[in-house]
Structure formats: C-alpha cells, structure tokens
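Chain and residue survey
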Amino acid sequence: MAKQAINKKDSFYASALSPKRGRKFGAFALDYFVLSIMSVLVFLLVNLIVDALPSVKAKQTEIGGIQQEMTSLVEESKLGEVENGTFLDNKVISKRYVYGITYRSLIENGVEESNITSSITSVYKPMTKENDNAYFYYTVFKPNHLSNYSEEDKGLFGVQDYQNAFSSDTGINFLNVDDYLLLNKDNALKVQNYILDSAFTPGKAIFTTLENRYSSLLEDAIAEFQTKYTPYTQKAQENEARKSDLYGIRRMEIAIAYSFAILLHYLLLPLLLKDGRTITMRALSLAYCSTDKKAPAFWQLLVHASLLFVEESSVMAILPFFVYGANAIDLVYLPFLWGISLLWVFIFSLLFMILSFVSSFFDKESKSTTTEFLSHLLLKDGKEFQTVEQQKAEHK
C-alpha cells in the first residue's frame, strides 16, 4: 500500500521552492551524521553476534596465543620489557641504562653509596651484564641462537664486537671490568653532576652520547630480531595471516552494518513514514518530489539509496575509528578486496560527494546534485512552500 501511495499521489511539495544551498548542505551533513551513528550501532550488534561464533572465537584465541609467543620471544631476548601490558619505550630503557651505568661506575670507582645522589639510588639499580638489555642480546642471546638467524652474515655479536661498536667514536674513556664497559670516575662524576644540575654541560655531553649510542644499538638489535630471527619472523607471519583473516571478518561486518544503515535510513523509514523523507528531512521541513511533480516512486527511492551507498561509503572507513580508536588504522589502511583498502574507498567516496555537490551549481533552478539528478528527484523546502502559498492566497 505504501508503495502504491507513493507512486500515484501528487506531491504536496511540488510547488515549494528549492532550499538554499547552505540549508541543503546542512541537511545532507546531518543525514551523513545520522547514517554514521546508525552504522556504528548496527556494527556493534553484528560484531557481538559474529564474535559469539565458535569459529571466530577460535581464531581470536589463536591470535592471542601467537602474540603471547611473540612476546615471550622478545622478553627472552631482553630486547623488550612488558610493563602494565605494553612494552617499555626504547628511550626509557636507554635512559635507565645511563643512570644504571653511572650508579655502577661510581661504586666500582670507590664512591660511597651515601655520596651518590638519591635521584639515582632511589629509582635505579646498578647496571650489570644481567640487566643490561643490549649487552645481553649481543653477547649472550644472539651467540647462543646464531643458527636461527636467516642471513649468512650474522652481523654484530659477541663481547668484543659489542664493546667496539659501543665505544667507538664516542670520545669517552671507558673502564673494562670483567668484559663489561664502565665509566671512569671522572666521567661518572660529571654525569652525576649533570643529573643534579641540567646546566652542567660536560656531564650533559657524556649523558647524551651514552643514551644515543645505547638507543641506536638497541634499535638495530630490535630491527635485526624482527627481520632475521627465524622463530620470531615465522610467528609474525602467522600472526599477520590470522589478523588478515580476522580483518576480513571485521570488514564484512562493516559492510553489512553500513548496507543495513543505508537501507534503513534512506529506504525503509521513508517508505514506512509514507512521505519519502528521512528523519533528518522531517526535522528540517525538507522533502523530495519527483521531477514530474509526483511523490517519489519506490524505484526513485531505491536508485537514490543505491547512489548514496556509493556517495557516502566513506562512512565505512570512519566507522572503525568510532569503535576501535587508533587501533583501527591497520583495518582501514591495509588492502583487502582487489587490492583496495577502506582508505581508497574513503577517497573515492569523498571525490564522488564533492563532484555531486559541485554539479548543483550548474543547475541554478533546482540545485540538484548528481545523485538527485540520476534519481529524478527534487529537494523542496517546506517552509518556503508555506510562504509561497500564503502569498498566492493574499493576491486572490
């Protein structure tokens, strides 16, 4: 019945004026916002249902297990330390090294602990072979797992290689205590003075040099571990493959949620309300009529919704950020269908939307966008219609 009524009835808004572009743009922007919220709500529902499926649960458990194994491998190498569920930043570890090596060097050079600033002793521990992350990796872990590195040229490893790489071109005099590099007393005191007074430039130079060199070696070790240590690279490949499968499921959920939101907002509700208008248009007193001054036909609403599916598909790229925040970057950026990512969908949709709106400037009378033109629809302003009718009544 709703379809017949829409097909046959003359439009009540046929003689109304077209809305001003600012008002029209505001209505479309509000429609876009409502569509986005609908998509998010439907996605959350679909996501809840899909995540309850045994196959998806198993996949998530498998990913969690692989990631835990990767974390264990990193912790075993001492290239990373987990604190509060996340790995410590390299800068934190490098800074800790400088404080710790200064602490240890002062003690080894006969300085009483009571004469070492509490800025060091209250927070840090003396640095040793065991708690020095970079030293442990290059002199213990890597030599013991050398056969697991993929390239013939194994690069830097062993005590001598590490000491040469660390001390070369630094201009700092080191002490070698049981195959471990420490600062001499003068340099250690300079660093302590810098810790006490940030304006003490001799100590700052040593502190910065140590921090940068340690950070550089640590970053090189991490890059090497991630690309050449076979047990880790194999787990990383497994993890990426499983994540890709899960991303495929998430994208399917996004497409379903967006499609349903388009169907609901631009087709089902306008049909149920029997006036061809979205909720936004009703609120703003706007309405569509066909170019033959009839109420919108079902096929016109269907074509209009289909075109808007393409024009507003950027919602699919935005939707994940509503739900996952910054963690949605990979989901949006990585390609999936024919090498196309949601990022490219966003760009295409945005260009389509801009061109559609630009076309309205070439139609000065009806101000129709490309989507409206192809749907044979005209947007009318209910408020302007009332003014025109009142003026006609006054002239009679």
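All values reported here derive from a predicted model rather than from experimental measurement.

Grouped together as the largest cluster of nonpolar side chains are 49 residues, with contacts concentrated most on Phe166, Leu210 and Phe225. Only α3 (54-77), α4 (90-108), α6 (133-144), α7 (159-167), β4 (181-183), α8 (185-196), α9 (201-228) and α10 (230-272) provide two or more residues apiece to this core. No other element matches the nine residues that α9 contributes to this core. Not counting residues within four places of it along the chain, the set of residues in contact with Phe166 comprises Tyr97, Phe174, Leu181, Leu210, Arg213, Tyr214 and Leu217. Ranked by size, the runner-up nonpolar core spans 39 residues in total, among them Leu35, Val56, Met281 and Met316.

Judged by how many residues are buried, strand β5 (residues 286-290) sits mostly within the fold: five of five residues are covered. The alternating pattern of β5 places Leu286, Tyr288 and Ser290 and Ala287 and Cys289 on opposite faces, both of which are buried. Where β5 and strand β6 (residues 377-381) come together, five bridges link them in antiparallel fashion. Within β6, the position partnered with Ala287 by the bridge is Lys380.

Consecutive side chains of a regular strand alternate in pointing toward one face of the sheet and then the other. For β6, a buried count of five out of five residues is recorded, marking the element as mostly surrounded by other parts of the structure. Covered by surrounding structure in β6 are Leu377, Leu379 and Asp381 together with Leu378 and Lys380, the residues of both alternating faces.

Below, the discussion takes up the side chain of Lys367. In this fold, Lys367 is placed in the loop between α15 (342-359) and α16 (370-375). The exposure class of Lys367 is buried, given its relative accessible area of 17%. Excluding anything up to four places from it in sequence, Lys367 contacts Ser18, Pro19, Arg21, Lys24, Ser360 and Glu372.

With that settled, consider the environment of Gly171. Tracing the sequence through the fold places Gly171 in the loop between α7 and β3 (174-176). Residue class for Gly171 comes out exposed when judged on its relative accessible area of 78%. As for Gly171 and Ala14, which are separated by 157 residues in sequence, their C-alpha atoms are 85 Å apart.

Next up on the list: the packing of α6 against α9. The interhelical angle for the contact between α6 and α9, taken along N-to-C directions, is 45°, at an axis separation of 9 Å. With respect to each other, α6 and α9 are oriented oblique. As α6 runs across α9, the sense of the crossing is left-handed. In this structure, α6 contributes Asn133, Ala134, Tyr137, Tyr138, Phe141 and Lys142 to the contact, and α9 contributes Tyr214, Leu217, Leu218, Asp220, Ala221, Glu224 and Phe225.

Attention now moves to the pattern of salt bridges. Following the criterion strictly, the structure yields 15 salt bridges and no others. The residue Asp51 makes a salt bridge to Arg250 at a minimum N-O spacing of 3.0 Å. Of this pair, Asp51 sits in helix α2 (residues 21-51) while Arg250 sits in helix α10; the two residues are 199 residues apart in sequence, bridging distant segments of the chain. Between Arg242 and Glu62 there is a salt bridge, with the nearest N and O atoms lying 2.9 Å from each other. With Arg242 in helix α10 and Glu62 in helix α3, the pair connects residues that are 180 residues apart, well separated along the chain.

A rise of 1.5 Å per residue sets the reference length of α15, with its 18 residues, at 26 Å; its end C-alpha atoms lie 26 Å apart and thus fit the reference within 8%. If you check which residues of α15 are buried, you get Leu342, Val345, Ser349, Met353, Ser356 and Phe357. Taken down its axis, α15 places every buried residue within 95° of arc, on the same side. α15 presents Trp344 and Leu355 as exposed residues on the side facing more than 90 degrees away from its buried surface. If you follow the buried residues of α15, they end up packed against α2, α10, α12 (298-311), α13 (315-324), α14 (329-333) and α16.

Below, the discussion takes up the confidence of the model for the protein. Overall, the prediction assigns the protein a mean pLDDT of 88, with 95% of residues at 70 or greater. Below a pLDDT of 50 lies the segment residues 1-7, which in the model reaches 12 contacts outside its immediate sequence neighbourhood of four places, other chains included. This stretch, residues 386-391, has a pLDDT under 50; its non-local contacts, to residues over four places away or in other chains, come to two contacts.

This structure, assessed with the given rule, holds 23 aromatic pairs. Both rings, one in Phe25 and one in Phe357, keep their centres 5.9 Å apart while their planes meet at 65°; by these two values the pair is edge-to-face. Within this pair, whereas Phe25 is found in helix α2, its partner Phe357 is found in helix α15, the two being separated by 332 residues in sequence. With a relative accessible area of 18%, Phe357 lands in the buried category. Considering the side-chain rings of Tyr137 and Phe141, the 6.0 Å spacing of their centres and the 25° angle between planes classify their relative orientation as stacked. Of this pair, Tyr137 and Phe141 both sit in helix α6, four residues apart, which is roughly one turn of the helix. Classification of Phe141 by relative accessible area gives buried; the value is 2%. Positioned above the aromatic ring of Phe136 is the side chain of Lys78, whose terminal nitrogen or guanidinium carbon lies 4.5 Å from the ring centre. Taking NZ or CZ as reference, Lys142 lies 5.5 Å from the ring centre of Tyr149, over its face.

Quick notes on the rules
Residues numbered from 1 in each chain as written. Predicted model: local features only at pLDDT ≥ 70, side-chain atom pairs only at ≥ 80, totals over all residues. Heavy atoms only, no water. Core = buried A, V, L, I, M, F, W, Y, C linked by side-chain atoms within 4.5 Å. Buried < 20%, exposed > 50% of the residue type's maximum accessible area, 1.4 Å probe, protein only. Helix = DSSP H or I, 4+ residues; strand = E, 2+ residues; numbered from the N terminus. Contact = heavy atoms within 4.5 Å. Pairing = 2+ DSSP bridges. Axes fitted to C-alpha atoms, helices over the stretch in contact; angles between N-to-C directions. Parallel < 35°, antiparallel > 145°, perpendicular 65-115°, else oblique. Left-handed = near helix turned anticlockwise from the far one by under 90°. Salt bridge = Lys/Arg side-chain N within 4 Å of Asp/Glu carboxyl O. Expected span 1.5 Å × (residues − 1). Arc of directions from axis to C-beta. pLDDT = per-residue confidence, 0-100. Phe/Tyr/Trp six-rings, centres within 6.5 Å; stacked < 30°, edge-to-face > 60°. Lys NZ or Arg CZ within 6 Å of the ring centre and 35° of its normal.

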